[in-house]
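Listed here are the chains, written in short residue letters.
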Amino acid sequence: MDTLTDEDFTRMYQYIQSHYGIDLHKKKQLIVSRLTNVISLQGYDSFHTYTDDIVNGRRPDLISSMLGKLTTNYTYFMREEQHFDFLKDTILPYLAEKHKGNRSINIWSAGCSSGQEPYSVSIILKEYFDTLGGKWDTRILATDLSTDMLNIAINPTYTSESLSNIPDAWKRKYFTARPDGTWTVSPILRNNVLFRQFNLMDPIHFRKKFDLILCRNVMIYFDAPTKDALVKRFFDATEDKGYLFIGHSEGLSKTNCPYKYITPAIYRKET
Ligand SMILES: C[S@@+](CC[C@H](N)C(=O)[O-])C[C@H]1O[C@@H](n2cnc3c(N)ncnc32)[C@H](O)[C@@H]1O
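- The name given to the chain in an unreviewed UniProt entry is protein-glutamate O-methyltransferase, and the organism recorded there is Eubacterium cellulosolvens.
- Heading Catalytic activity (unreviewed entry) of the UniProt record for the chain holds this comment: "L-glutamyl-[protein] + S-adenosyl-L-methionine = [protein]-L-glutamate 5-O-methyl ester + S-adenosyl-L-homocysteine".

This is the structure:
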(Lines give C-alpha, C1' and ligand atoms only; values in the text may rest on other atoms or scores of the structure.)
Protein backbone atom coordinates (compact mmCIF):
# COMPACT_ATOMS: atom_id res chain seq x y z
CA MET A 1 0.00 0.00 0.00
CA ASP A 2 1.43 3.39 -0.96
CA THR A 3 1.38 6.31 1.50
CA LEU A 4 -1.51 8.76 1.86
CA THR A 5 -0.32 11.97 0.18
CA ASP A 6 -1.19 15.35 1.70
CA GLU A 7 -3.33 16.07 -1.34
CA ASP A 8 -5.41 12.87 -0.98
CA PHE A 9 -5.64 13.40 2.78
CA THR A 10 -7.10 16.88 2.15
CA ARG A 11 -9.58 15.53 -0.41
CA MET A 12 -10.60 12.78 1.99
CA TYR A 13 -11.11 14.90 5.14
CA GLN A 14 -12.89 17.66 3.22
CA TYR A 15 -15.28 15.11 1.69
CA ILE A 16 -16.00 13.50 5.07
CA GLN A 17 -16.48 16.88 6.76
CA SER A 18 -18.84 18.30 4.14
CA HIS A 19 -20.97 15.14 3.83
CA TYR A 20 -21.00 13.79 7.39
CA GLY A 21 -19.89 16.68 9.60
CA ILE A 22 -16.99 14.68 11.02
CA ASP A 23 -13.87 16.81 11.41
CA LEU A 24 -10.69 14.81 10.75
CA HIS A 25 -8.43 17.62 9.56
CA LYS A 26 -5.87 16.85 12.29
CA LYS A 27 -6.19 13.07 11.98
CA LYS A 28 -4.02 12.01 9.06
CA GLN A 29 -2.26 9.37 11.14
CA LEU A 30 -5.58 7.97 12.38
CA ILE A 31 -6.87 7.68 8.82
CA VAL A 32 -3.74 5.82 7.75
CA SER A 33 -3.64 3.47 10.74
CA ARG A 34 -7.36 2.67 10.80
CA LEU A 35 -7.94 2.36 7.04
CA THR A 36 -4.83 0.66 5.64
CA ASN A 37 -6.07 -2.88 6.34
CA VAL A 38 -9.69 -2.22 5.40
CA ILE A 39 -8.67 -0.70 2.10
CA SER A 40 -6.40 -3.56 1.10
CA LEU A 41 -9.04 -6.13 2.17
CA GLN A 42 -11.37 -4.39 -0.26
CA GLY A 43 -8.87 -4.97 -3.06
CA TYR A 44 -7.22 -1.54 -3.28
CA ASP A 45 -3.46 -1.22 -3.47
CA SER A 46 -3.37 2.56 -3.16
CA PHE A 47 -4.97 5.26 -1.02
CA HIS A 48 -5.15 7.37 -4.16
CA THR A 49 -7.60 5.08 -6.01
CA TYR A 50 -9.65 4.54 -2.84
CA THR A 51 -9.84 8.31 -2.21
CA ASP A 52 -10.87 8.88 -5.83
CA ASP A 53 -13.68 6.33 -5.56
CA ILE A 54 -14.94 7.75 -2.26
CA VAL A 55 -14.91 11.45 -3.16
CA ASN A 56 -16.41 10.83 -6.59
CA GLY A 57 -19.29 8.91 -5.03
CA ARG A 58 -18.43 5.67 -6.89
CA ARG A 59 -18.46 3.45 -3.78
CA PRO A 60 -21.31 4.51 -1.43
CA ASP A 61 -21.25 0.92 -0.15
CA LEU A 62 -17.86 1.57 1.50
CA ILE A 63 -18.88 4.69 3.45
CA SER A 64 -20.44 3.04 6.48
CA SER A 65 -17.46 0.78 7.18
CA MET A 66 -15.02 3.65 6.56
CA LEU A 67 -16.78 5.95 9.04
CA GLY A 68 -17.14 3.06 11.48
CA LYS A 69 -13.34 2.78 11.53
CA LEU A 70 -12.76 6.53 11.90
CA THR A 71 -15.27 7.27 14.68
CA THR A 72 -16.50 5.39 17.72
CA ASN A 73 -19.85 3.68 18.07
CA TYR A 74 -19.23 2.98 21.76
CA THR A 75 -22.40 3.02 23.87
CA TYR A 76 -24.09 1.10 26.69
CA PHE A 77 -27.39 0.90 28.57
CA MET A 78 -28.31 3.79 30.90
CA ARG A 79 -25.16 5.70 29.92
CA GLU A 80 -25.05 9.04 31.80
CA GLU A 81 -27.70 8.10 34.35
CA GLN A 82 -28.44 11.75 35.26
CA HIS A 83 -30.34 12.05 31.98
CA PHE A 84 -32.58 9.10 32.81
CA ASP A 85 -33.31 10.49 36.29
CA PHE A 86 -34.18 13.88 34.82
CA LEU A 87 -36.40 12.22 32.21
CA LYS A 88 -38.28 10.24 34.87
CA ASP A 89 -38.53 12.95 37.54
CA THR A 90 -38.99 16.13 35.50
CA ILE A 91 -39.76 15.59 31.82
CA LEU A 92 -42.26 12.72 31.97
CA PRO A 93 -44.54 14.29 34.62
CA TYR A 94 -44.58 17.44 32.45
CA LEU A 95 -45.32 15.48 29.25
CA ALA A 96 -47.97 13.33 30.91
CA GLU A 97 -49.86 16.49 31.83
CA LYS A 98 -49.21 18.23 28.50
CA HIS A 99 -50.31 15.27 26.36
CA LYS A 100 -53.11 13.89 28.52
CA GLY A 101 -55.51 14.62 25.64
CA ASN A 102 -53.84 12.62 22.85
CA ARG A 103 -51.65 10.37 25.04
CA SER A 104 -48.78 10.49 22.57
CA ILE A 105 -45.23 11.69 23.13
CA ASN A 106 -42.48 12.09 20.59
CA ILE A 107 -38.81 11.36 21.32
CA TRP A 108 -35.81 11.14 18.96
CA SER A 109 -32.53 9.40 19.70
CA ALA A 110 -30.25 11.04 17.11
CA GLY A 111 -27.01 9.07 16.73
CA CYS A 112 -28.35 5.97 18.48
CA SER A 113 -25.45 3.67 17.50
CA SER A 114 -26.34 0.02 18.26
CA GLY A 115 -29.59 0.85 20.08
CA GLN A 116 -28.76 0.86 23.80
CA GLU A 117 -29.79 4.53 24.16
CA PRO A 118 -33.32 4.31 22.68
CA TYR A 119 -33.96 0.97 24.42
CA SER A 120 -32.90 2.58 27.74
CA VAL A 121 -35.30 5.47 27.14
CA SER A 122 -38.02 2.93 26.31
CA ILE A 123 -37.57 1.18 29.66
CA ILE A 124 -38.02 4.48 31.50
CA LEU A 125 -41.12 5.28 29.43
CA LYS A 126 -42.66 1.84 29.96
CA GLU A 127 -42.06 1.96 33.71
CA TYR A 128 -43.52 5.45 34.01
CA PHE A 129 -46.60 5.08 31.80
CA ASP A 130 -47.46 1.57 33.03
CA THR A 131 -47.71 3.02 36.55
CA LEU A 132 -49.69 6.01 35.32
CA GLY A 133 -52.19 3.77 33.52
CA GLY A 134 -54.07 4.25 30.26
CA LYS A 135 -52.74 3.47 26.83
CA TRP A 136 -49.93 5.80 25.73
CA ASP A 137 -48.12 5.96 22.41
CA THR A 138 -44.48 6.17 23.50
CA ARG A 139 -42.76 5.10 20.27
CA ILE A 140 -39.27 6.50 19.84
CA LEU A 141 -37.50 7.39 16.62
CA ALA A 142 -33.87 6.25 16.64
CA THR A 143 -31.48 7.16 13.83
CA ASP A 144 -27.84 6.70 12.96
CA LEU A 145 -25.59 7.08 9.95
CA SER A 146 -24.13 3.60 10.32
CA THR A 147 -26.11 0.75 8.77
CA ASP A 148 -23.84 -1.72 10.61
CA MET A 149 -24.88 -0.25 13.98
CA LEU A 150 -28.55 -0.09 12.97
CA ASN A 151 -28.44 -3.78 12.02
CA ILE A 152 -27.25 -4.62 15.54
CA ALA A 153 -29.99 -2.40 16.99
CA ILE A 154 -32.70 -4.08 14.93
CA ASN A 155 -31.45 -7.63 15.70
CA PRO A 156 -30.16 -6.90 19.19
CA THR A 157 -27.59 -9.05 20.96
CA TYR A 158 -25.75 -7.36 23.82
CA THR A 159 -22.99 -8.43 26.18
CA SER A 160 -23.58 -8.47 29.95
CA GLU A 161 -21.06 -5.58 30.29
CA SER A 162 -23.31 -3.44 28.11
CA LEU A 163 -26.17 -4.21 30.53
CA SER A 164 -24.23 -3.69 33.75
CA ASN A 165 -26.30 -0.58 34.71
CA ILE A 166 -29.59 -2.47 34.33
CA PRO A 167 -31.07 -3.73 37.63
CA ASP A 168 -31.89 -7.46 37.76
CA ALA A 169 -35.65 -6.86 37.90
CA TRP A 170 -35.49 -4.93 34.62
CA LYS A 171 -33.24 -7.59 33.07
CA ARG A 172 -35.89 -10.20 33.82
CA LYS A 173 -38.66 -7.97 32.51
CA TYR A 174 -37.11 -6.52 29.36
CA PHE A 175 -34.35 -8.92 28.25
CA THR A 176 -33.81 -12.62 27.58
CA ALA A 177 -30.52 -14.36 28.34
CA ARG A 178 -29.02 -16.50 25.60
CA PRO A 179 -27.08 -19.72 26.32
CA ASP A 180 -23.82 -18.03 25.23
CA GLY A 181 -24.17 -15.35 27.95
CA THR A 182 -25.40 -12.55 25.67
CA TRP A 183 -28.79 -10.85 25.99
CA THR A 184 -31.54 -9.98 23.59
CA VAL A 185 -34.30 -7.39 23.97
CA SER A 186 -37.96 -8.22 24.59
CA PRO A 187 -40.55 -7.46 21.87
CA ILE A 188 -42.13 -4.93 24.25
CA LEU A 189 -39.06 -2.68 23.85
CA ARG A 190 -38.31 -3.58 20.26
CA ASN A 191 -41.80 -2.62 19.16
CA ASN A 192 -41.37 0.73 20.87
CA VAL A 193 -38.39 1.88 18.77
CA LEU A 194 -38.43 2.75 15.10
CA PHE A 195 -34.89 2.59 13.66
CA ARG A 196 -34.00 4.57 10.55
CA GLN A 197 -30.78 5.55 8.79
CA PHE A 198 -30.38 9.33 8.87
CA ASN A 199 -27.42 11.61 8.26
CA LEU A 200 -27.52 14.52 10.73
CA MET A 201 -26.07 16.78 8.02
CA ASP A 202 -29.36 16.46 6.10
CA PRO A 203 -32.39 18.75 6.55
CA ILE A 204 -34.77 17.54 9.28
CA HIS A 205 -38.21 16.89 7.85
CA PHE A 206 -39.92 14.59 10.34
CA ARG A 207 -43.70 14.83 10.45
CA LYS A 208 -44.01 15.92 14.09
CA LYS A 209 -41.87 18.05 16.38
CA PHE A 210 -40.12 16.33 19.26
CA ASP A 211 -40.72 16.63 23.00
CA LEU A 212 -37.17 15.43 23.58
CA ILE A 213 -34.15 15.00 21.31
CA LEU A 214 -31.14 13.05 22.57
CA CYS A 215 -27.96 13.72 20.63
CA ARG A 216 -25.33 12.47 23.03
CA ASN A 217 -21.67 11.86 22.24
CA VAL A 218 -22.23 12.47 18.53
CA MET A 219 -21.37 16.16 18.04
CA ILE A 220 -17.92 15.58 19.56
CA TYR A 221 -16.76 14.87 16.00
CA PHE A 222 -18.21 18.05 14.51
CA ASP A 223 -16.49 21.44 14.17
CA ALA A 224 -18.16 24.49 15.76
CA PRO A 225 -20.06 25.80 12.68
CA THR A 226 -21.39 22.29 11.85
CA LYS A 227 -22.48 21.84 15.47
CA ASP A 228 -24.15 25.27 15.65
CA ALA A 229 -26.06 24.60 12.42
CA LEU A 230 -27.23 21.18 13.65
CA VAL A 231 -28.35 22.58 17.02
CA LYS A 232 -30.38 25.20 15.11
CA ARG A 233 -32.05 22.42 13.06
CA PHE A 234 -32.75 20.49 16.28
CA PHE A 235 -34.27 23.63 17.78
CA ASP A 236 -36.65 24.05 14.83
CA ALA A 237 -37.64 20.37 15.20
CA THR A 238 -38.32 20.68 18.97
CA GLU A 239 -41.75 21.36 20.47
CA ASP A 240 -42.01 24.58 22.45
CA LYS A 241 -40.81 23.70 26.01
CA GLY A 242 -39.24 20.52 24.63
CA TYR A 243 -35.76 19.34 25.64
CA LEU A 244 -32.35 18.54 24.13
CA PHE A 245 -29.86 16.19 25.80
CA ILE A 246 -26.20 16.22 24.79
CA GLY A 247 -23.29 14.21 26.23
CA HIS A 248 -21.89 15.37 29.58
CA SER A 249 -18.43 15.80 28.05
CA GLU A 250 -19.80 18.12 25.35
CA GLY A 251 -20.82 21.78 25.40
CA LEU A 252 -22.89 24.11 23.25
CA SER A 253 -21.78 27.59 22.25
CA LYS A 254 -23.09 30.13 24.80
CA THR A 255 -23.55 32.81 22.13
CA ASN A 256 -25.13 30.75 19.33
CA CYS A 257 -27.27 28.26 21.23
CA PRO A 258 -31.00 29.01 20.85
CA TYR A 259 -31.97 26.64 23.71
CA LYS A 260 -32.00 27.66 27.35
CA TYR A 261 -29.39 25.91 29.49
CA ILE A 262 -31.11 23.99 32.31
CA THR A 263 -28.43 21.85 33.95
CA PRO A 264 -25.26 20.13 32.61
CA ALA A 265 -26.00 18.46 29.23
CA ILE A 266 -29.72 19.43 29.36
CA TYR A 267 -31.27 22.28 27.35
CA ARG A 268 -34.85 23.48 26.83
CA LYS A 269 -36.67 25.34 24.07
CA GLU A 270 -38.24 28.42 25.62
CA THR A 271 -39.59 30.92 23.13
C1 LIG B 1 -20.40 7.31 20.36
S2 LIG B 1 -21.86 6.92 19.48
C3 LIG B 1 -23.09 7.62 20.56
C4 LIG B 1 -24.19 6.63 20.92
C5 LIG B 1 -25.17 7.12 21.97
N6 LIG B 1 -25.82 8.34 21.57
C7 LIG B 1 -24.49 7.29 23.30
O8 LIG B 1 -24.32 8.41 23.78
O9 LIG B 1 -24.10 6.28 23.89
C10 LIG B 1 -21.81 8.12 18.13
C11 LIG B 1 -22.73 7.75 16.98
O12 LIG B 1 -22.89 8.92 16.15
C13 LIG B 1 -23.07 8.47 14.82
N14 LIG B 1 -22.82 9.57 13.88
C15 LIG B 1 -21.66 10.24 13.65
N16 LIG B 1 -21.83 11.16 12.68
C17 LIG B 1 -23.14 11.08 12.30
C18 LIG B 1 -23.93 11.77 11.34
N19 LIG B 1 -23.41 12.72 10.53
N20 LIG B 1 -25.24 11.43 11.21
C21 LIG B 1 -25.77 10.47 12.01
N22 LIG B 1 -25.08 9.78 12.94
C23 LIG B 1 -23.77 10.08 13.07
C24 LIG B 1 -22.06 7.33 14.69
O25 LIG B 1 -22.40 6.46 13.63
C26 LIG B 1 -22.15 6.67 16.08
O27 LIG B 1 -23.00 5.55 16.07
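Still to come is the rest of the account.
Focus on the layout of surface pockets
Now for step 1: Volume-wise, the largest pocket comes out at about 480 Å³.
Now for step 2: Together, 29 residues line the largest pocket, and Thr72, Gly111, Asp144, Val218 and Tyr221 are the ones closest to its centre.
Now for step 3: A per-element tally of the lining of the largest pocket places helix α4 (residues 63-70) first, with three residues.
Now for step 4: A breakdown of the residues in the lining of the largest pocket according to their chemical character gives 14 nonpolar, eleven polar and four charged.
Now for step 5: There are two domains that each give the lining of the largest pocket at least three residues, and those are domain 1 (6-70) and domain 2 (81-268).

Regarding unusual backbone geometry
Now for step 1: In this model, Arg103 sits at a positive phi of 50 degrees, which is unusual for a non-glycine residue.
Now for step 2: With respect to the secondary-structure elements, Arg103 resides in the loop between α5 (81-98) and β1 (107-110).
Now for step 3: Residue Arg103 is classed as partly exposed on the basis of its relative accessible area of 35%.
Now for step 4: Positive phi, close to 75 degrees, is recorded for Lys241, a residue that is not glycine.
Now for step 5: Assignment of secondary structure puts Lys241 in strand β7 (residues 238-246).

Each value, and the rule that gives it
- Going along each chain's sequence as written, the residues are numbered from 1 onward.
- Only residues with pLDDT of 70 or above have their local features reported here, since the model is predicted, and side-chain atom pairs are shown and tallied only from 80 upward, although totals for entire chains, interfaces and linings are computed over all residues.
- Derived side-chain values reflect all non-hydrogen atoms in the structure, with water molecules and hydrogen atoms excluded from consideration.
- UniProt positions are given in the numbering used here, feature names are shortened, and annotations may be inferred rather than shown by experiment.
- Using a 1 Å grid laid over the protein atoms alone, points where a 1.4 Å probe fits but cannot get out form a cavity; open sets with protein on both sides within 12 Å along at least 5 of 7 lines form a pocket; any residue with an atom within 4 Å of a point counts as lining.
- Grid points are joined across faces, edges and corners, and a volume is the space filled by probe spheres set on the points.
- Helix numbering and strand numbering both begin at the N terminus, where a helix is a DSSP run of H or I of at least 4 residues and a strand a DSSP run of E of at least 2.
- For this classification, the nonpolar set comprises Ala, Val, Leu, Ile, Met, Phe, Trp, Tyr, Cys and Pro, the charged set comprises Asp, Glu, Lys and Arg, and every other residue, Gly included, is treated as polar.
- For the purposes of this description, domain bounds are those given by an automatic or database domain assignment.
- In this scheme, a residue with accessible area under 20% of its type's maximum is buried, one over 50% is exposed, and one in between is partly exposed, where area comes from a 1.4 Å probe on protein chains only.

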